[in-house]
Amino acid sequence: LAVKGVQALSPYQPGKPIDELSRELGLNPGSIIKLASNENPLGPSSKALAAVRDVLDELCRYPDGNGFDLKQALAARYGVKPSQITLGNGSNDVLEVIARCFADPTSEVVFSQYAFAVYPLVTQAIGATGVSVPAKDYGHDLEAMAGAVTERTKLVFVANPNNPTGTVHGAEAIEAFLDLIPARVLVVLDEAYCEYLQGDGYVDGLSLLERYPNLIVTRTFSKAWGLASLRAGYSISSPEIANILNRVRQPFNVDTLALAAATAVLSDEQYLQRSRAVNAQGMKQLETAFNELGLDYIPSAGNFIAVDVGEQAAEINQLLLEQGVIVRPIAGYGMPRHLRVSIGLPEENDRFIESLARALDTLA
Ligand code: PMP
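Identification of the chain as Histidinol-phosphate aminotransferase from Marinobacter panjinensis is taken from an unreviewed UniProt entry. A UniProt comment under Catalytic activity (unreviewed entry) is attached to the chain, and it reads "L-histidinol phosphate + 2-oxoglutarate = 3-(imidazol-4-yl)-2-oxopropyl phosphate + L-glutamate". What the UniProt record of the chain gives under Sequence similarities (unreviewed entry) is the line "Belongs to the class-II pyridoxal-phosphate-dependent aminotransferase family. Histidinol-phosphate aminotransferase subfamily."

## Describing the site of the ligand
Around the ligand sit 13 residues in total, of which Gly-90, Ser-91, Asn-163, Thr-220 and Ser-222 are the nearest. Broken down by class, the residue content of the shell around the ligand amounts to four nonpolar, eight polar and one charged.

## Considerations on the sheet that holds strand 2 (residues 85-88)
Paired through backbone hydrogen bonds, the strands of a sheet run either parallel or antiparallel to each other. Spatially, seven strands are ordered 2-8-7-6-5-3-4 in an open sheet, and the strand pairing comes out mixed. At either margin of the open sheet sits one strand with a lone partner, and together these are strand 2 and strand 4 (129-133). Each neighbouring strand pair of the sheet contributes to a mean axis angle of 20°, computed without reference to strand direction. Relative to strand 8 (residues 233-236), strand 2 is paired through four bridges, and the arrangement is antiparallel. When the bridges of strand 8 are listed, Thr-86 appears paired with Ser-235. In this fold helix 4 (residues 68-78) packs onto strand 2 and strand 8, with an angle of close to 125° to the strand it touches most, strand 2.

## A closer look at the sheet that holds strand 9 (residues 296-298)
A sheet is described by the order of its strands in space; here four strands give the open sequence 9-10-13-12, paired in antiparallel fashion. Looking at strand neighbours, the two that pair on one side only are strand 9 and strand 12 (328-329), the edges of this open sheet. With five bridges connecting them, strand 10 (residues 304-308) and strand 13 (residues 338-342) associate as antiparallel partners. Bridge pairing in strand 13 links Asp-308 to His-338. Helix-sheet contacts for helix 11 (residues 269-293) involve strand 9, strand 10 and strand 13, and the interaxial angle to strand 10 is about 5°. The sheet contacts of helix 12 (residues 313-322) involve strand 12 and strand 13, and relative to strand 13 the element is tilted by about 35°.

## Here we look at the nonpolar core
Among soluble globular proteins, nonpolar side chains are generally buried collectively. Ranked by size, the top nonpolar core spans 104 residues in total, and within it Ile-98, Leu-155, Val-188, Ala-261, Ala-262 and Val-265 carry the most contacts. For this core, the leading source of residues is helix 10 (residues 256-265), giving eight residues. Taken domain by domain, the makeup of this core includes at least three residues from each of domain 1 (4-43 + 270-363) and domain 2 (46-268). Those residues in contact with Val-188, other than ones at most four positions away along the chain, are Leu-95, Ile-98, Leu-155, Phe-157, Val-158, Ile-216 and Thr-218.

Criteria and thresholds
- Residues numbered from 1 in each chain as written.
- Predicted model: local features only at pLDDT ≥ 70, side-chain atom pairs only at ≥ 80, totals over all residues.
- UniProt positions renumbered as here; feature names shortened; annotations may be inferred.
- Near = placed C-beta within 6 Å.
- Nonpolar A, V, L, I, M, F, W, Y, C, P; charged D, E, K, R; others polar.
- Pairing = 2+ DSSP bridges.
- Helix = DSSP H or I, 4+ residues; strand = E, 2+ residues; numbered from the N terminus.
- Axes fitted to C-alpha atoms, helices over the stretch in contact; angles between N-to-C directions.
- Contact = placed C-beta atoms within 7 Å.
- Core = buried A, V, L, I, M, F, W, Y, C linked by C-beta atoms within 7 Å.
- Buried ≥ 20, exposed ≤ 12 C-beta atoms within 10 Å, placed from the backbone.
- Domains from an automatic or database assignment.

Laid out in structure tokens, this is it:
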């Protein structure tokens, strides 16, 4: 019954929920750690929690369909106009709306091998043709991606940093890439993990918007801002593009709790700094452990890292699950030797490392 593009789809595979593993293996949910979905290990910001509590009485009303307060707060923080912002039910929603607005079954959509799974998914769902460009050292080969653009190309997706590889391109490389893309082709720069880029490594797609009117930057509250459950993401683009996206998005795609929490967390600078610090420290902890275990990994700019555990990755993943540790196998991304692990709290990272060492021993 389904249309052709949808017939060929397989559903997005999320990280295994803690309750599911608990039921499967009879483990106490409290003893399970989940490092599988690039979530923020800190728990939500107290400012966000307070803001949610404040709006609970409004649950019987529709949310503010235009997200006035959140757009104001984003505009003030990032020096853009509210008319440039499109809010989404997570940035996944925005990615889907972009695909539906700008591509159709006659279009090609370019993305990188090992790119975020939602790009091929939304492309196929609308019947467009996905063009996957071979990666270079696991990262986007931006020149080759520009070279893959044809008359039929409508959209190019670039995740910077990319999930699941954690690879990132600097500002110069992104600019050089944008220079190669014809103005009639839209470039989506997915910056879901940009808040983890620090110091000289920070690449800010927003600073490129004026020079490249065909650029759309997408971001999320799910990662460094710690609100994955509430589903709040957004894009920043020219007002003209935002106006088009606004025609197609669901009228109330971000709910009242999400709007309140996202608006509040934007002023919780301390939370953001803690997210960054815990991530940087945990990343070092895992890199050190991988070095000690003699495992290769892909240096990552995100809040996760892909580690090469060898041909028995699926068995190792199973042994981790049996020890109550959930990480993400990424064979579905064409990386059957790697497991992707999200950076947790120091004690969670320790627990993962110990469980991994035990699994490697068991299979040795
Ligand atoms: N882009 C990338 C690169 C991601 O890794 C993710 C989350 N896995 C998203 C977008 C979507 O996140 P959300 O819908 O929670 O905003």
